Amino acid sequence: MRVLRYHPLLLGLLLAAGPAALAQKTKVKVKKTAASAAPAPAPAADLEPRITALLGQMTLEEKIGQLNQYSGREVTGPASNRKTDLLNSIRAGQVGSMLNVKGVADTRLIQAEALKSRLKIPLLFSLDVIHGYQTVFPIPLAEAASWDLAAIRESAHVAAREAAASGIHWTFAPMVDVGRDPRWGRVMEGAGEDTYLGSLIAKARVLGFQGEKLGGTDAIMACAKHFAAYGAAIAGREYNAVDVSEQQLWQTYLPPFKAAADAGVATFMNSFNTLNGVPATGNRYLQRDILKGQWQYPGFVVSDWGSIGEMVPWGYATDKADAARKALAAGSDMDMESDSYHTTLAQSIQAGKADMALLDDAVRRILRKKFELGLFDDPYRFSDEKREKQVLSDPQHRVAARDVARKSMVLLRNDNATLPLAAPRRIALVGPLAKAKRDLAGSWVVLADTAQITSVYEGLSKRAGKTAQVRYAKGCEVQGDSRAGFAAAVEAAQASDVVVLCVGETWDMSGESKSRTDIGLPGVQNELFQTLKATGKPVVVVLMAGRPLVFNQIADQADAIVYAWWPGAEGGNALADVLFGDYNPSGKLPSTFPRSVGQIPISYQLYNTGRPVTKPGDIRYKSAYIDSPNTPRYAFGHGLSYTSFKYDGLRLSQPTLTAGQAVQVQCTVTNTGKVAGEEVVQLYLRDLVASVARPLKELKDFQKISLKPGETKTLTFTIDKDKLAFYNAKLEWVAEPGDFQLMIGSASDDIRLESKLTLQ
Ligand code: NOJ
C-alpha cells in the first residue's frame, strides 16, 4: 500500500476553527427546537436486499475496510497511533469511519475522498458530542441532578441538531456506566450511581440524539458506552480491571445498557476494562451472548480507542493479529484506532483462523447504519453549509442550556434563608472560579470557545444591575498554595453584606484519565473559605466540579451551599437565577457524597448486614467504622428548595399484590412555603426477606412536580411485580412472595411516608 501524507489543503481545513457567535437571551422559555424538513431515508425493510447486494460486490479488503475507524485530528491517544496515509486508505475503501473530523467543510472534503473509492461507500463521521456541540450544556452528571427527563432529552437533541448540521453522523454518547466511585474521573460523564435513574436517563439521551427514528438530518446516531461495568474500575483508577459478581453485573450495571438498546440506540462501544478477567473488547459473553444474542441487538459495536490492541498488554492476546481475531469473534465490529483489523484480519481469514461469516455480519451491521442514515442516497445529507450556519446560531439553544443548567444545580444547605439573595445587597464575589470560563464548560468540550461561556461574575453582575453591588476578589488559584490573594478577599468580604465563594475543580481535573485519590477541594480553597468565614459575614459557597467532592468544613460551616457542577455555557446566568431566586432550585443528587475517600465505593443501596448499627455511636462489633459514621455527607436524592413540602395521605389501592396485578400507591404533596417550587418525589422499596440479601432501599419510581404556594397535588405510582423483582442466585429475574417496605420521600435519607406491601 502506498503511503501518502495529508493533503496540505485538507490539513489546513482540519485545523481551521470558526465557531459562530451565539446570541444570548435572558428569559428562559424553552421551545422545542425545530425538526428537519429533509426527506426521510428508505424504510428499514427495503434496506436488506441493498445491503446484501453491496456485500456481494465487496472484496475481502473492502469488507475489512468498513471495520476501521481512524482519528482525523489526533486529540487523544498516543502519537504512535497517528496516521499519515489516511487519505490514501480512504480512497482505497479501507476506512469505514472517521472520528474527530467536524464541520461541513472538512467532513465534505473527506467524504468526497471516500466517494472516489471503487464502491463509493460513504464514511461515518463520529465525535464525542458529550454535553453539547457548539452550545455547551452542563456535564452529564449535572444534568442527571435535574431528574428532568424532558430537559435532558432536549439537551441531547440540541447537541445532535448542531452536530448533524456540522457534518457529524454519530456521537459517542451517552455514557451509561453506573458510577459509585467518585475517584473515577469519568463519573462526570454518566448519570450517577443509580441503575433505575440511569436507565431512564439513558433512554432520554438516546431519544434526544436519535429522535424516534434514525434518518432525520437533525439527529445523529447515539452510542451506549462503555460495555460493560467500566464504572466499577478497581479503586476508581482509570482503565483498571473490573471484578463484579454476575448478580451485580445484571442487577446494577447492565440495565442502563438494556434501556439504551430498547430505545433503539444505533451503536454500542465496548470498554477498556477487563470484566472478571476477560477484556470487555474480547468478551464474547458480553457482546455475543448478551448483547447480540439474548438482547437481539441489531446495531454495531465499536471498540474503545485502541482497546483491541490493548488486549496485548492486558495479557489476553499474544499480538495484534491474535487480538483482532479475539475481538471479531467476541463481537467487536469496528476497530477504533488500534489498526489491528486493518493490518491483520485479511491474513487471518485467508489462513482460516478467522471466520468470514463473522466478518460479513460485522460489515452488514455497519452498512445498515449507513443506509439508515440515508448516506447511500445522499452522502452529503449532513453537509449543508447554510444550514450549519443557521443551526449553530439558533439562540434557542442557549435558552435550553440555561434551562437545564439551573435545573441541575443542587441546594445542599441553606441556613437562616441565606438564599435567595435579597436586594439591595453588597456582594463579595470571591474565588478562583468566580471569573472562570473554560472551567465552567468542563471536560469533553467540542468547541471550547470561552467567549461564549458566561462566567459567574458576568451572570451575577448582569442580574444584580443597579440593585446590588458586586465586589470581586480571586482569593487564590484552584491549585497551588499561594495565599497572597486572601487579604483582598477579606477586604471585599468586609465591605459587603454577603460572600459568594466559587471554588471547586478546574475543567481538567475530572473526566477521562482524571482519577484522583484525594477528592477534597484542591489547593488552599478550603483555607480561603475559613478565612472568609472568620469575617463573620454569611458565606454562600458555590461548588463547581466534575464529581462529588469531599468538603466537610464547608458542609459544616457554610451558611448556604449550591453544588453547580460544571454548568456549561450558560452557567453564570443559571447560577444568578438560582442565587437571586428567579429560579427555585430543584436539583437532587444523583450520587452519594461521601464524608471521606475511606467510605468509597459508596451508594445509598447499603445492606443491612448481620450487625447493623441501630443507635448512633453503638458501633462495637457492629458493621461500622471507628473513625467515621457510615452515613454519607449528603445522601443520594438530597437537594433543598426555597420552599418546603409536606407529604401526606399515603394510600395503597390494596395491601397485597397477587400475580398479574398492580398496586396503585397514592400520596399528596403540598407546597407549605411562600414561593413556587419543584419537588422530586422519590419512591423506594426494600425486599425484607429474599433468597439473596437485598439493599435497604432501591429507587423504583419518582415524579418531578411543580407546586405553587399552598398548592397540593395527588400523585399516583404503580407498583407491579416487575418493580419487586431482582436477579436471584441463578440470575433469574424473579419477584419472591413476601413483605416489602415501601418508602416515599424527598431524598433517600429523608423518607416521609412508609407502608408495607405484600406479594402473594
Ligand atoms: C476513549 C474514551 O474512553 C471513549 O469514551 C471515547 O469515546 C473515545 N476515547 C473516543 O474519543
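About the thresholds
- Residues numbered from 1 in each chain as written.
- Predicted model: local features only at pLDDT ≥ 70, side-chain atom pairs only at ≥ 80, totals over all residues.
- Heavy atoms only, no water.
- Helix = DSSP H or I, 4+ residues; strand = E, 2+ residues; numbered from the N terminus.
- Rg over C-alpha atoms; globule rule 2.2 N^0.38 Å.
- Buried < 20%, exposed > 50% of the residue type's maximum accessible area, 1.4 Å probe, protein only.
- Contact = heavy atoms within 4.5 Å.
- Areas by Shrake-Rupley, 256 points an atom, 1.4 Å probe, with all protein chains shown as cover.
- Lys, Arg positive; Asp, Glu negative; His and termini not counted.
- Charge placed at Lys NZ, Arg CZ, Asp CG, Glu CD.
- Phe/Tyr/Trp six-rings, centres within 6.5 Å; stacked < 30°, edge-to-face > 60°.
- Lys NZ or Arg CZ within 6 Å of the ring centre and 35° of its normal.
- Pairing = 2+ DSSP bridges.
- Axes fitted to C-alpha atoms, helices over the stretch in contact; angles between N-to-C directions.
- Arc of directions from axis to C-beta.
- Polar contact = N/O pair within 3.5 Å; in protein donor to acceptor, adjacent residues only side chain to side chain.
- Core = buried A, V, L, I, M, F, W, Y, C linked by side-chain atoms within 4.5 Å.
- Near = heavy atom within 4 Å.
- Nonpolar A, V, L, I, M, F, W, Y, C, P; charged D, E, K, R; others polar.

J.: Can you tell me about the overall build of the chain, naming the residues and giving the values?
T.: Scanning the chain from terminus to terminus reveals 22 helices and 26 strands. Computed over the C-alpha atoms, the radius of gyration of the chain is 26 Å, within 12% of the 27 Å expected from 2.2 N^0.38 for a compact globule of 760 residues. Looking at the chain as a whole, 61% of its 760 residues are labelled buried. Sequence separation of 24 or more characterises 79% of the internal contacts of the chain that already satisfy a separation of 6 or more. About 27,500 Å² of surface is accessible on the chain, with carbon and sulfur atoms providing 52% of the total. Computing the positive centroid from 88 side-chain charges and the negative centroid from 79, the chain places the two 3 Å apart.

J.: Talk me through the packing of aromatic side chains; I want residue IDs and the actual numbers.
T.: In total, this model carries 26 aromatic pairs according to the counting rule given. Relative to Tyr684, the ring of Tyr604 lies with its centre 5.6 Å away and its plane at 75 degrees, an arrangement referred to as edge-to-face. In this pair, Tyr604 is assigned in the loop between helix 22 (571-579) and strand 17 (645-652) and Tyr684 in strand 20 (residues 677-687), connecting sequence segments 80 residues apart. You'll find Tyr604 and Tyr684 in the same group, each marked buried. It is Arg108 that lies over the ring of Tyr380; its NZ or CZ is 4.6 Å from the centre. Between the NZ or CZ atom of Lys225 and the centre of the ring of Trp444, over which it lies, the distance is 5.4 Å.

J.: Outline the sheet that holds strand 4 (residues 170-171), supporting the account with residue identities and numerical values.
T.: Spatial strand order, 4-3-2-1-10: 5 strands in an open sheet with parallel pairing. Two strands in the sheet have a free side with no partner beyond their single neighbour: strand 4 and strand 10 (335-336).

J.: How would you sum up the sheet that holds strand 9 (residues 300-302)? Please name residues and give values.
T.: Strand order in the open sheet formed by 3 strands is 5-6-9, and the pairing between neighbours is parallel. The strands lining the two open edges of the sheet, one partner per strand, are strand 5 (223-227) and strand 9. Each adjacent strand pair in this sheet contributes to an overall mean axis angle of 30 degrees, direction not counted. Sheet analysis places strand 5 next to strand 6 (residues 267-270), joined by 3 bridges and oriented parallel. Looking at the pairing, Cys223 lines up with Thr267 of strand 6. Against the sheet, helix 10 (residues 255-262) engages strand 5 and strand 6, with an angle of about 155 degrees to strand 5.

J.: How would you explain helix 2 (residues 47-57) if you had to name every residue and give the values?
T.: Regarding helix 2, the residues found buried are Leu47, Ile51, Leu54 and Leu55. Projection of helix 2 onto a plane perpendicular to its axis shows the buried side chains occupying an angular sector of 100 degrees, all on one side. When the buried face of helix 2 is taken as reference, the exposed residues oriented beyond 90 degrees from it are Pro49 and Gly56.

J.: Outline helix 15 (residues 385-392), listing residues and values.
T.: Looking at helix 15, one finds that the buried residues are Arg387, Glu388, Val391 and Leu392. On an axial view of helix 15, the arc spanned by its buried residues comes to 120 degrees, and they lie on one face. What points out from helix 15, more than 90 degrees from its buried face, is the exposed set Lys386 and Lys389. Each element contacted by the buried residues of helix 15 is listed here: helix 5 (104-114), helix 7 (149-165) and helix 16 (396-408). Sitting at the amino-terminal end of helix 15 is Asp384, which places a side-chain oxygen 2.9 Å from the backbone nitrogen of Lys386.

J.: Which residues make up the nonpolar core, and what are the values?
T.: Met98, Phe268, Trp295, Phe551, Tyr563 and Trp565 are the most contacted members of the largest nonpolar core, which has 187 residues in total. With sequence-adjacent residues up to four places away left out, Tyr563 is seen in contact with Ser408, Met409, Val410, Leu412, Leu543, Ala545, Arg547, Pro548, Leu549, Phe551 and Phe593. If you look at the next biggest cluster of nonpolar residues, it comprises 25 residues, including Val669, Ile705, Leu707 and Phe717.

J.: Would you mind going over the site of the ligand in detail, with residue names and values included?
T.: With respect to spatial proximity, the complete set of residues near the ligand consists of Leu99, Asp128, Phe172, Arg186, Lys225, His226, Met269, Phe272, Asp304, Trp305, Met336 and Glu512. One nitrogen or oxygen atom from the side chain of Arg186 is found 2.5 Å from an oxygen atom belonging to the ligand. Lys225 is positioned such that a nitrogen or oxygen atom in its side chain is 2.8 Å from an oxygen atom of the ligand. In isolation the ligand exposes 300 Å². Once the protein is present, 99% of that is buried. Here the residues of the shell around the ligand sort into 6 nonpolar, 1 polar and 5 charged.

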